[in-house]
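Structural description and commentary
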Amino acid sequence: MSNSVSTFKDFYQTTDILGQAQTPHLNQRYSDIATFMRTPLVRDLNQVDIGIIGIPFDGGVTCRSGARHGPREVRNQSTMMRAINVVTGVKPFEMARIGDLGDVHFNDLFNLDQAVEDIESYFLAIAEQRVLPLAVGGDHSVTWPIMKALANVQQEPVAVIHIDSHTDTWGPYKGSKFHHGAPFRLAAEAGVIDPNKTIQIGIRGGQNFADGLEYSRQQGMHVITIEEFDDLGWRAVAEKARAIIGDHPVYLSFDIDGLDPVYAPGTGTPESGGITMREAQRLLREFRGMNFIGADLMEVAPPLDPSGVTALNGATLLFEMLCLLVEAPFLASRRS
Ligand SMILES: [Mn+2]
């Protein structure tokens with residue numbers, strides 16, 4: 001497959017009803033349909049290298065719901081993103097064919113087990129075509145079937161960089177082991193992720209803080225509490241992640257509640273005293289060149305976000321993650 005810049009220009013360019021060529025990233029950011037990052041809406045996996053996918057599902061929340069509305073509002077705010085990362089110089093839309101794949105659809109919406117299966121099937125189809133997924137939730141329970149699908153295709157447990165205020169490794173809640181506080185426990189139990197190559201950053205909250213924390217540490221996960229993050233700083237924490245993971249295939253999962261509620265009030269389970277937006281951006285940029293096989297942004301809940309700042313910051317983090325995916329060795333290997 002060709003990766004020339006002119007091919008990518010053709011990919012992004014559309015025509016209006018008068019036949020006039022339109023380049024979405026050169027048009028006014030408030031015009032047209034709000035797809036993720038103003039990318040084309042694509043249904044054919046053969047047409048894309050990176051697919052951005054919405055998962056409008058919050059059936060796994062233990063507290064305040066609303067994350068099912070996340071994908072649409074992140075799409076809206078993501079139209080504010082530019083075609084270049086002015087800090088790193090990365091121009092994602094000149095490096096890959098990036099498309100909005102729409103949303104995961106559900107066959108039996110109120111059946112939690114079936115919803116998990118629907119998400120897994122969707123991401124299995126994406127991973128089998130070696131398309132890099134960038135997912136937008138939805139509550140954090142959906143990360144479990146995503147990781148399951150990716151590890152299945154990868155045929156080995158994946159490494160994880162997990163930024164969150166909670167470990168999400170808790171046991172059953174109200175009789176159910178499927179909830180948004182458990183995706184990394186389910187993944188560890190199933191051998192989908194490698195706990196020794198998993199780092200959890202920003203941890204500070206939870207109804208039963210010790211439960212998840214103990215489980216994570218018993219499994220060998222590297223937990224960086226917010227106090228440790230504060231003491232070490234973003235650069236040292238990123239170095240630690242690199243030392244632990246190396247060039248192993250790695251999945252990046254960002255729960256918006258890892259940010260301080262000043263930056264992300266619109267989320268189901270906010271925890272005060274968190275990561276600043278600037279720390280989050282600098283932390284993510286330190287992961288350049290790592291072997292990412294996918295990433296997600298979870299838990300943006302627009303009904304709890306009257307100013308829209310959570311969705312804006314979520315879209316901004318999504319753009320930083322997209323800039324990591326376009327530089328991932330996985331993408332280069334896919335072309336060879
Ligand atoms: Mn979480």
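Before going into details, it helps to say that this report is about the structure given with it. (Residues numbered from 1 in each chain as written. Predicted model: local features only at pLDDT ≥ 70, side-chain atom pairs only at ≥ 80, totals over all residues. Heavy atoms only, no water.)

Helix and strand counts for the protein chain come out as 11 helices and 10 strands. For 336 residues, the compact-globule estimate of 2.2 N^0.38 gives 20 Å, and the protein chain sits close to it at 19 Å. Counting only C-alpha atoms and orienting by the principal axes, one finds that the protein chain spans roughly 60 × 40 × 35 Å. Put simply, the protein chain has 336 residues, and 58% of those count as buried. Roughly 13,800 Å² of accessible area belongs to the protein chain as shown, and the carbon and sulfur atoms make up 48% of that amount. Distance between charge centres in the protein chain, computed from 28 positive and 41 negative side chains, equals 6 Å. (Helix = DSSP H or I, 4+ residues; strand = E, 2+ residues; numbered from the N terminus. Rg over C-alpha atoms; globule rule 2.2 N^0.38 Å. Buried < 20%, exposed > 50% of the residue type's maximum accessible area, 1.4 Å probe, protein only. Areas by Shrake-Rupley, 256 points an atom, 1.4 Å probe, with all protein chains shown as cover. Lys, Arg positive; Asp, Glu negative; His and termini not counted. Charge placed at Lys NZ, Arg CZ, Asp CG, Glu CD.)

For the manganese ion, the protein coordination sphere consists of His140 (ND1), Asp164 (OD), Asp168 (OD) and Asp255 (OD), at 2.1 to 2.2 Å. Read in sequence order, the donor residues for the manganese ion give the motif H-x23-D-x3-D-x86-D. Within this pair, whereas His140 is found in the loop between strand 5 (132-137) and helix 4 (143-154), its partner Asp168 is found in the loop between strand 6 (158-163) and helix 5 (183-189), the two being separated by 28 residues in sequence. The same class applies to His140 and to Asp168, which are both buried. (Donors = N, O, S within 2.8 Å, 3.2 Å for Na, K, Ca; no water.)

Moving on, we get to unusual backbone geometry. Here Gly137 and Gly138 are connected by a cis peptide whose omega angle stands at 15°. By the secondary structure assignment, Gly138 is in the loop between strand 5 and helix 4. With a phi close to 55°, Met37 is a non-glycine residue in the positive phi region. When you line up the elements, Met37 lands in the loop between strand 2 (21-22) and strand 3 (50-55). One non-glycine residue, Glu299, lies in positive phi territory at about 75°. Along the chain, the position of Glu299 falls in the loop between strand 10 (292-298) and helix 10 (309-326).

The full count for this structure, using the stated rule, is four aromatic pairs. A centroid spacing of 5.6 Å and a plane angle of 85° characterise the contact between Tyr12 and Phe93, whose relative ring orientation is edge-to-face. Taken together, the residues span a long stretch of sequence, with Tyr12 in helix 1 (residues 5-12) and Phe93 in the loop between helix 2 (70-78) and strand 4 (98-103) at a distance of 81 residues. This pair shows no difference in class: Tyr12 is buried, exactly as Phe93 is. Consider the rings of Tyr122 and Phe123, whose centres lie 5.8 Å apart with planes at 50°: the pair is tilted. Overall, Phe123 belongs to the buried group, its relative accessible area being 0%. Ring-pair connections join several aromatic residues into one group, and the members of that group are Phe11, Tyr12 and Phe93. (Phe/Tyr/Trp six-rings, centres within 6.5 Å; stacked < 30°, edge-to-face > 60°.)

Functional significance is not addressed by these values, which are geometric in nature.
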